[in-house]
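Each chain, written out:
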Amino acid sequence: MGPLIPNDLIPLEWNNIIAILIGIAFGFVLEASGFSSSRKLAGVFYGYDFAVLKVFFTAAIVSVIGLYYMDYLGYLDITQLYVHPTYLWAAIIGGAIMGVGFVAGGFCPGTSLCAVAIGKLDAWVYVLGILVGIFIFSELFDFIEPIFDGYNFGNITLIDTFEWDPYWFIFIFAIVAIIAFAVADFVQKKVKKVFY
Amino acid sequence: MANKNKSKFSGLQYKFLAIILLILAGGLVALPKYEKNEGIKPVQLLANVINPARYISTDEIAHKIISQDRSFILIDVRDEESYNKYTLPNAVHIPLKKILDEEFSMYVNQNQYDVIFFSNDNFYSDQAWVLCNRLGYKNQRVLKGGINMWFKTIINPPKPSENMPEEAFNLYSTRKASSMYFGVVYPEQVKAPEPVKKVAPKQIITVKKVKKAPEGGC
């Protein structure tokens, strides 16, 4: 049956409208989880607030469990879902740069826009920085292109690459998540409270 | 005090949620696995198989070819040798064994044209039809009687005897005209200075490849 748009159950033209609606809901949840505060976001690196870890880990697990139940019941064909292609070195280098930006600025691109929406000045500066970064990237694109387009491993997943059983993988992943939450709580109690 | 109670309660709440999460994740492991059917359901396939609406007659095909209808693709599922010997005008050759190959999916799996399978009889073309129908491909038809029926009715139509109704004579004259279009020369025609030997113009069938993969990202 699903996914709905590739199988023509919903016309393609609805794509952008649905995207906007989901985007609004996503922004609302980000803001409601307190992700428009750079101190809260950076807390995961200093150990006084693990909300980021908890929210994103929970979101990933809940959705993957839901998707696989829907796949099992025949409401969704999991093989039709879009898998983002792996550009190995681009991902590693980009991830490192993004990580530095995350610690230093206290936002990721999505949450920075969320914070701009509620009027945070640091977020305005951060978004300006993103735009400057995009400009530099575009100017240097010819130079960067071999890395940007190279090392393409295609639309691979862990399950395909290592031939794991997805159901066991999800189960173990859920256990790891809960252990991570418990450890995060433990660390949070040990670390000196920070008022923010 | 109230605050402490509240935190204790919320701690319990999180444990409860964690247990639900684990049960749901474990449920995936514990569920009995089954082989998933590709394409349409068996019941639907059976209903399609016993439905004779998939057949198209040789007269209809002859009419379509002569009127240069471009809404269909003829697919010859016989082997290479038979295909080289004789085939219908503009037929695409896809042997039955290769019908589901990736390189031919642009012909059989598309929504632009009707796909008409044919073989010597409709035995192999029916098999090709079932294979494609099971995968949910659209607009699949089968030429009733195949090439044999084509010869019997269009290329070499039986002359009606005198006691037959008028329709039989009309049908005969239509078929005879069709056979002339496909290059058959009749004795009474030979006197004419030049028998009109007209070959159906070769039409080039271009099929747009349907993009399937949904695009997205973070």
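Scroll up to find the structure this text is about.
## Observations regarding the overall build of chain A
Argument step 1. When its secondary structure is counted, chain A shows nine helices and zero strands.
Argument step 2. If you list the helices and strands of chain A from N to C, you get α-α-α-α-α-α-α-α-α.
Argument step 3. Across the 196 residues that make up chain A, the buried fraction comes to 13%.
Argument step 4. Taking the intrachain contacts of chain A between residues at least 6 apart in sequence as the baseline, contacts between residues at least 24 apart amount to 66%.

## Considering the pairing of strand β4 (residues 114-118) of chain B
Residues and elements named next belong to chain B.
Argument step 1. For β4, the tally of buried residues reaches four of five residues, placing the bulk of the element in the interior.
Argument step 2. Here five bridges tie strand β2 (residues 72-76) to β4, and the two strands are oriented parallel to one another. Across the sheet, the residue bridging to I73 is V115, located in β4.
Argument step 3. Note: β4 against strand β5 (residues 140-143), three bridges, orientation parallel. Across the sheet, F117 pairs through a bridge with V142, a residue of β5.
Argument step 4. Taken together, β4, helix α6 (residues 123-134) and β5 constitute a β-α-β crossover, and its handedness is right-handed.

## What about the nonpolar core?
Argument step 1. I75, V77, I116, F117, F118 and A128 of chain B are the most contacted members of the largest nonpolar core, which totals 24 residues.
Argument step 2. Those elements that provide at least two residues to this core are α3 (58-66), β2, β4, α6, β5 and α7 (146-155) of chain B.

## Observations concerning the environment of I205 of chain B
Residues and elements named next belong to chain B.
Argument step 1. By the element assignment, I205 lies in the segment after α8 (166-181).
Argument step 2. Look at I205 and you get partly exposed, because 14 C-beta atoms sit within 10 Å.
Argument step 3. Each C-alpha atom of the pair I205 and Y107 lies 9.3 Å from the other, and the pair is 98 residues apart in sequence.

Rules used throughout
Residues numbered from 1 in each chain as written. Chains lettered and ligands numbered in written order. Predicted model: local features only at pLDDT ≥ 70, side-chain atom pairs only at ≥ 80, totals over all residues. Helix = DSSP H or I, 4+ residues; strand = E, 2+ residues; numbered from the N terminus. Buried ≥ 20, exposed ≤ 12 C-beta atoms within 10 Å, placed from the backbone. Contact = placed C-beta atoms within 7 Å. Pairing = 2+ DSSP bridges. Right-handed = clockwise from strand over helix to strand, strands pointing away. Core = buried A, V, L, I, M, F, W, Y, C linked by C-beta atoms within 7 Å.

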